[in-house]
Amino acid sequence: MNDLVLHEHVTGPRGERVLVRRSARRRRTVSISRREGDLLIAIPATFSARQERQWVTKMVDQLVSKEARRAPARRSDDALLRMAREVSEAHLGGRAHPTSVTWSARQNQRWGSCTPADGSIRLSHQLQGMPEYVVRSVMMHELVHLLVPGHGPEFKALMANYPQAEKAQGFLDGVSWAKSLPEGGGDGDEEFDDGAVDDRGIDDGAVETGSCGAGDGPSRAQLARGAR
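Residues numbered from 1 in each chain as written. Predicted model: local features only at pLDDT ≥ 70, side-chain atom pairs only at ≥ 80, totals over all residues. Heavy atoms only, no water.

### A closer look at the overall build of the protein chain
Across its full length, the protein chain holds six helices and eight strands. Along the chain direction, N to C, the helices and strands of the protein chain fall in the order β-β-β-β-α-α-β-β-β-α-α-α-β-α. The burial tally for the protein chain puts 44% of its 228 residues in the buried class. For the protein chain, the computed accessible surface area is about 12500 Å², with 50% contributed by carbon and sulfur atoms. (Helix = DSSP H or I, 4+ residues; strand = E, 2+ residues; numbered from the N terminus. Buried < 20%, exposed > 50% of the residue type's maximum accessible area, 1.4 Å probe, protein only. Areas by Shrake-Rupley, 256 points an atom, 1.4 Å probe, with all protein chains shown as cover.)

Structure below.
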């Protein structure tokens, strides 16, 4: 019983499809994992249709809550401007002088942009929650563009002053590749069983557990959110 069933009225925190697999080997455990851009929820084959709906919603809600707790606090625009000045001082000798740095929710096809004429820089909101070195690398990219147009030898020479540029580009390439699957994430799992909790985190493949006894379904609020 390994066929996957798509739950069309429930989506993941990033718009992922939610697929359910019934397993005859499972008795009490329910797990959620990321697989190739989708969320895969494994449940016991003995679950009723009602239990399946409840646990699909519950597991997605658990994942949303956990990832929200682990996400870094959103940097303010003022904090971004301070970061830009720090990066300019550290890697460009203070030569780049941005007048403003803001988040942009309109940039979904590129990570950042700048207007050299007025010194403004805009970073895609999709960078929020990414590692600090990645955000700083994109910042460095736009700061260099305040000094040099295009991506020729001079641009590359200045960009090389940022020691983690290549690592950050690899990270962003991975994010872009995952988004084309469609968008997804890592391959960590969360599993619920018998009330013990292991909170090492979804990103490193750890397991979090909880009871899946009969009647222990999600709240009405959780069901309402899951039915959107």
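### Describing the packing of helix 2 (residues 77-91) against helix 3 (residues 132-147)
Their axes nearest at 10 Å, the elements helix 2 and helix 3 cross at an angle of 75°. Considering their axes alone, helix 2 and helix 3 lie roughly perpendicular with respect to each other. From helix 2, Leu 80, Met 83, Ala 84, Glu 86, Val 87, Ser 88 and His 91 reach across to helix 3, where they touch Glu 132, Val 135, Arg 136, Met 139, Met 140 and Leu 143. Tallied by class, residues from the contact of helix 2 with helix 3 come to eight nonpolar, two polar and three charged. (Axes fitted to C-alpha atoms, helices over the stretch in contact; angles between N-to-C directions. Parallel < 35°, antiparallel > 145°, perpendicular 65-115°, else oblique. Contact = heavy atoms within 4.5 Å. Nonpolar A, V, L, I, M, F, W, Y, C, P; charged D, E, K, R; others polar.)

### Description of the sheet that holds strand 6 (residues 112-115)
Within the open sheet, the three strands sit side by side as 5-7-6. Their pairing is mixed. Sheet topology places strand 5 (100-104) and strand 6 at the edges, where each strand pairs with a single neighbour. Geometrically, the sheet is characterised by an average inter-axis angle of 20° between neighbouring strands, direction not taken into account. Bridge analysis of strand 6 against strand 7 (residues 120-124) gives four bridges, and the strand direction is antiparallel. Across the sheet, Cys 114 pairs through a bridge with Ile 121, a residue of strand 7. Against the sheet, helix 2 touches strand 5 and strand 7, its axis set at about 125° to strand 5. (Pairing = 2+ DSSP bridges.)

### Side note on helix 3
Taking 1.5 Å per residue as the helical rise, helix 3 with its 16 residues ought to reach 22 Å, and the 23 Å between its terminal C-alpha atoms agrees with that figure. Counting buried positions along helix 3 gives twelve out of 16 residues, so the element sits mostly inside the fold. Taken as a whole, helix 3 has its buried residues at Tyr 133, Val 134, Val 135, Ser 137, Val 138, Met 139, Met 140, Glu 142, Leu 143, Val 144, His 145 and Leu 146. (Expected span 1.5 Å × (residues − 1).)

### Some words on the packing of aromatic side chains
Applying the stated criterion to the full structure yields one aromatic pair. In this structure, Lys 167 is placed above the aromatic ring of Tyr 133, and the distance from its NZ or CZ to the ring centre is 4.5 Å. (Phe/Tyr/Trp six-rings, centres within 6.5 Å; stacked < 30°, edge-to-face > 60°. Lys NZ or Arg CZ within 6 Å of the ring centre and 35° of its normal.)

### Quick word on the pattern of salt bridges
Summed over all chains, the structure comprises five salt bridges. Close ionic contact of Asp 38 with Arg 17 constitutes a salt bridge, the shortest N to O distance being 2.9 Å. Placement of Asp 38 in strand 4 (residues 38-44) and of Arg 17 in strand 2 (residues 17-23) is noted, with a sequence separation of 21 residues between them. Classification of Arg 17 as partly exposed rests on a relative accessible area of 42%. Sharing partners across several salt bridges, the network here consists of Glu 86, Glu 132 and Arg 136. (Salt bridge = Lys/Arg side-chain N within 4 Å of Asp/Glu carboxyl O.)

### Here's the deal with the side chain of Thr 29
Tracing the chain through its elements places Thr 29 in the loop between strand 2 and strand 3 (30-35). At 2.7 Å, the side chain of Thr 29 and the side chain of Arg 26 are in polar contact. (Polar contact = N/O pair within 3.5 Å; in protein donor to acceptor, adjacent residues only side chain to side chain.)

### Some thoughts on the nonpolar core
Ranked by size, the top nonpolar core spans 32 residues in total, and within it Val 101, Leu 123, Leu 127, Met 139 and Leu 143 carry the most contacts. Among the elements of the structure, helix 2, strand 5, strand 7, helix 3, helix 4 (153-159) and helix 5 (165-179) are those that each provide at least two residues to this core. Per-element accounting of this core gives the leading share, nine residues, to helix 3. Setting aside chain neighbours within four positions, we find Val 101 in contact with Asp 77, Leu 80, Leu 81, Ala 84, Ile 121, Leu 123 and Met 139. Counting 14 residues, the second-largest nonpolar core is a separate cluster that includes Val 20, Leu 39, Trp 55 and Val 60. (Core = buried A, V, L, I, M, F, W, Y, C linked by side-chain atoms within 4.5 Å.)

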